[in-house]
Amino acid sequence: MKAVNPIIHGVRQPIIPPAKKQSAQNTVLTFNETFKTVTATPKELIISKHAAQRLTERGIHLNETEWNLIGEKLSEAKSKGVTDSLVVLKDAALVASAKNHTIITAMNREEATAHLFTNINGAILMDTL
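Predicted model, so just to flag it, every value in this text is computed and none were measured.

Caption draft 1: Quick look at the pairing of strand E3 (residues 92–97). Buried residues dominate E3, accounting for six of its six residues. Residues Ala92, Leu94 and Ala96 of E3 are buried on one face, and the alternating residues Ala93, Val95 and Ser97, pointing to the opposite face, are buried as well. Sheet analysis places strand E2 (residues 84–89) next to E3, joined by five bridges and oriented antiparallel. Bridged to valine 88 within E3 is alanine 93. The hairpin formed by E2 and E3 contains two residues between the paired strands. Connecting E3 to the antiparallel partner strand E4 (residues 102–108) that follows it, the hairpin turn spans four residues, and histidine 101 within it adopts a positive phi of roughly 55°.

Caption draft 2: Up close: unusual backbone geometry. Despite not being glycine, histidine 101 shows a phi value in the positive range, around 55°. Inspection of the secondary structure assignment puts histidine 101 in the loop between E3 and E4. Within the chain, asparagine 119 stands out as a residue other than glycine whose phi angle is a positive 60°. As for its placement among the helices and strands, asparagine 119 is situated in the loop between helix H5 (109–113) and strand E5 (122–126).

Cut-off values and rules
Residues numbered from 1 in each chain as written. Predicted model: local features only at pLDDT ≥ 70, side-chain atom pairs only at ≥ 80, totals over all residues. Heavy atoms only, no water. Buried < 20%, exposed > 50% of the residue type's maximum accessible area, 1.4 Å probe, protein only. Helix = DSSP H or I, 4+ residues; strand = E, 2+ residues; numbered from the N terminus. Pairing = 2+ DSSP bridges.

This is the structure in C-alpha cells:
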C-alpha cells in the first residue's frame, strides 16, 4: 500500500479544539473586595531627595506618628481623586503627590505664608498636631 500524502489527497483528520486554559473565575474579587484591599494596605510614604534636603535645611522635624498620619491622609485624599496636595502642619507645609505617595517639597510655615501654591488639587489641614 502506498503512503498517502494528506495534503495532496485531502485526507481529513478530526479537528481537535485547543485545550482550554483554566479560567481564574474562582479568584476574581468583587469591586468592593478589591477596593478594600487597595485602600487597606497603606503604602509607604516616600520623601523625595529634594524634600529631604529642604527638611534638613529648614530644621523641620516630624515624628513617626506625624509621618504615619500624613501617609494615611494622603491615601484618603487619593481615594477621593486628589493627585497633588498641600499638607499644612502646625510648623510646616508640605507639597505631596497623593498619586505617587511622595513628599515633593517642604517649607516652614513662615515661608509658606508668602508662597502661592500651584498645581495642587487638594489640601490637607493638619495644623492642630
